[in-house]
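Residue-level structural notes
Here's the letter readout for the chains.
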Amino acid sequence: MTSTYVKDAAQAVTGPPRPGPANRRPLARRVTDWLTAVSFTLPALILFGALVLAPILYALYVSLFNWGGFGSPTDYTGLDNYSRLAKDPVFLGDLWRGLLLVGFSVLVQLPFALAMAVLLNQKLRGRAVYRMLFFAPYVLSEVITGVLFSMIFAPDAGLADKTLGAIGLDGLGGLWFADQSTVMPTLFLVMTWKYFGFHMMLYLAGLQSIPAELHEAARIDGAGAWQRFRYITLPLLGPTLRISAFLSVIGAIQLFDLVWVISQGGPDHASETMAITLFQFGFKRYEIGYASAISIALFLISLVFALAYQRFVLRRDTEGALTNMRATR
């Protein structure tokens, strides 16, 4: 007790102990961690600024001019290109066709991919072969896919018309991509063939991460196949479904190469998308100012959707991921 009393008295006179090297270590470690993070992220930030932010800002600047792409932009027109955009029937049609593609993708393509994923997640003979066959179209480039289906749906001489004629349904054949009334449904059929395998593989990965014990326990409790799917599979597959829907919507909004190879936006703008309209004005008509306004509009539509989707749909998933990261530290 005497030694403790003496130590307390000495501390009262001399004050608290000065911080030693062990006390300064957390600050040094924080500085080191900050410098490490900066050294890793700075190259990526430089590339992002040079390849993403700078072109966006330049397109925004050019969209304020009536410029054909030669020389320097000097004919300043302010927001005239955007006013023209709001009145352009082709661009307004692009918005409508984009909504149609988004609706078809979310309501038809994704449920079909989910159904195939659930089927191929069962114990089937040769399911690895089926998975490879269904995923193979996604591996093909859009150019190859476009050329292939341009030949398949060629009027009269294509495989589609010949097959329908062989089974006595030649009346269902038609101009396919050359008719305004059939070009969008036919185009969406090609899109489904091309992209559903990608979403199917996403769903398969999500399905295989669901513990089999949950389904077994539900089966023992008397739950049927639909009940297990409704109350176990769908909730646990929710994060994968939401990411898949996001990718599908963004892809439909920015669709270009597949449509360009197949129809170039025709006939009479019936299959034109915003990206194709941008290309037509920028690289065919050399109206770079107006094309830049279209690119800014396309960027803003994608950005607003991405932010809103993350805020209202992906919020729970991102919060859960951050919570798990903090828990593992």
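Given the structure is predicted, the values throughout are model-derived calculations rather than measurements.

Okay, the packing of aromatic side chains next. Applying the stated rule across the entire model yields 23 aromatic pairs. Pairing F149 with F153 gives two aromatic rings, centres 6.0 Å apart and planes at 20°, and the pair type is stacked. With a centroid separation of 5.6 Å and an interplanar angle of 85°, the aromatic rings of F153 and F177 are classed as edge-to-face. Here the residue F153 occupies a position in the loop between α6 (142-152) and α7 (159-166), and F177 occupies one in the loop between α7 and α8 (183-208), the gap between them amounting to 24 residues. With relative accessibility at 10%, the residue F177 sits in the buried group. Here a set of aromatic residues connected by ring pairs shows up, and it is made of F149, F153, W176, F177 and W193.

Glancing now at the packing of helix α13 (residues 274-284) against helix α14 (residues 288-312). Two numbers describe how α13 lies on α14: the axes approach to 8 Å, and their chain directions differ by 160°. Classed by the angle they form, the pair α13 and α14 counts as roughly antiparallel. For the element pair α13 and α14, the recorded crossing hand is left-handed. Contacts between α13 and α14 pair M274, T277, L278, F281 and G282 from the former with I288, Y290, A291, I294, S295, L298 and I301 from the latter.

Turning our eyes to something else, we now look at the pattern of salt bridges. For the structure on display, the rule yields four salt bridges. Close ionic contact of E287 with R84 constitutes a salt bridge, the shortest N to O distance being 2.9 Å. In this pair, E287 sits in the loop between α13 and α14 while R84 sits in helix α3 (residues 80-87), placing the two residues 203 residues apart along the sequence. Take E287: its relative accessible area is 26%, and that puts it in the partly exposed class. By relative accessible area, which is 36% here, R84 ends up partly exposed.

Locating Y130 in the fold gives a position in helix α5 (residues 127-139). Assessed through its relative accessible area of 40%, Y130 is described here as partly exposed. Taking the C-alpha atoms as reference points, Y130 and M116, 14 residues apart in sequence, are found 9.9 Å from one another. Y130 has contacts with L120 and R125, leaving out every residue within four places of it along the chain.

Attention shifts here to helix α10 (residues 225-236). Taking 1.5 Å per residue, twelve residues should reach 16 Å; α10 reaches 16 Å between its end C-alpha atoms and fits that length. Among the residues making up α10, those that are buried are R228, F229, I232 and T233. Projected down its long axis, α10 shows its buried positions confined to an angular sector of 125°, all on one face. Away from its buried face by more than 90 degrees, α10 exposes W226 and Y231.

Here we take up the nonpolar core. Of all hydrophobic cores here, the largest spans 34 residues; its most connected members are F153, V190, L255 and L258. Those elements giving two or more residues to this core turn out to be α4 (89-120), α6, α7, α8, α11 (238-253), α12 (257-262), α13 and α14. When residues of this core are assigned to their parent elements, the largest contribution, six residues, is made by α8. Leaving out residues up to four positions away in the same chain, L255 has contacts with L101, M191, Y195, T273 and A275. With 19 residues, the next largest nonpolar core counts M116, L204, F229 and Y309 among its residues.

Cut-offs used in this document
Residues numbered from 1 in each chain as written. Predicted model: local features only at pLDDT ≥ 70, side-chain atom pairs only at ≥ 80, totals over all residues. Heavy atoms only, no water. Phe/Tyr/Trp six-rings, centres within 6.5 Å; stacked < 30°, edge-to-face > 60°. Helix = DSSP H or I, 4+ residues; strand = E, 2+ residues; numbered from the N terminus. Buried < 20%, exposed > 50% of the residue type's maximum accessible area, 1.4 Å probe, protein only. Axes fitted to C-alpha atoms, helices over the stretch in contact; angles between N-to-C directions. Parallel < 35°, antiparallel > 145°, perpendicular 65-115°, else oblique. Left-handed = near helix turned anticlockwise from the far one by under 90°. Contact = heavy atoms within 4.5 Å. Salt bridge = Lys/Arg side-chain N within 4 Å of Asp/Glu carboxyl O. Expected span 1.5 Å × (residues − 1). Arc of directions from axis to C-beta. Core = buried A, V, L, I, M, F, W, Y, C linked by side-chain atoms within 4.5 Å.

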